[in-house]
Amino acid sequence: EKEEFIYSRLKAKGLEMRDETGQKATLNAEEMADFYKDFLSKNFRKHMQYNRDWYKRNFTITFLMGQVALARTLKWLRWKKKNV
């Protein structure tokens, strides 16, 4: 979609995909902001689902890390009490 958007904007300006030096032509930040705004609006549900899944996975990983840290701390405290 991004390439199509860039191509259509360049075509509307009368420009080609590559400039006279052979480098790929680009749009400025304001024009790309229009694309990203439309893209995010169209894909809002996909992004929300992705964010939910991402937070769920990170919460699970953090929870498991906490359990490991707690188990290690308890093991260390038991070992210290046993050796005292």
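Just so it is clear, the model here is predicted, and its values are computed rather than measured.

Enquirer: Mind laying out the packing of aromatic side chains, listing which residues take part and the relevant values?
Expert: Two measures describe an aromatic ring pair: the distance that separates the ring centres and the angle between the ring planes. Summed over the entire model, instances satisfying the criterion amount to five aromatic pairs. Ring centres 5.1 Å apart and planes at 80° place the aromatic pair W54 and Y55 in the edge-to-face group. Assessed through its relative accessible area of 56%, Y55 is described here as exposed. Through a chain of ring-to-ring contacts, three or more aromatic side chains come together here, namely F5, F35, Y36 and F39.

Enquirer: Let's hear about a nonpolar patch on the surface: which residues, and what values?
Expert: Together, L70, L74, W76, L77 and W79 give the surface a local cluster of nonpolar side chains, amounting to about 550 Å² of exposed area. Looking at the element boundaries, W76 is found in helix α3 (residues 44–83). Here W76 falls in the partly exposed class, since its relative accessible area comes to 47%.

What counts as what
Residues numbered from 1 in each chain as written. Predicted model: local features only at pLDDT ≥ 70, side-chain atom pairs only at ≥ 80, totals over all residues. Heavy atoms only, no water. Phe/Tyr/Trp six-rings, centres within 6.5 Å; stacked < 30°, edge-to-face > 60°. Buried < 20%, exposed > 50% of the residue type's maximum accessible area, 1.4 Å probe, protein only. Patch = residues over 30% accessible without salt bridge, like charges linked within 9 Å, V, L, I, M, F, W, Y side chains within 5 Å. Areas by Shrake-Rupley, 256 points an atom, 1.4 Å probe, with all protein chains shown as cover. Salt bridge = Lys/Arg side-chain N within 4 Å of Asp/Glu carboxyl O. Helix = DSSP H or I, 4+ residues; strand = E, 2+ residues; numbered from the N terminus.

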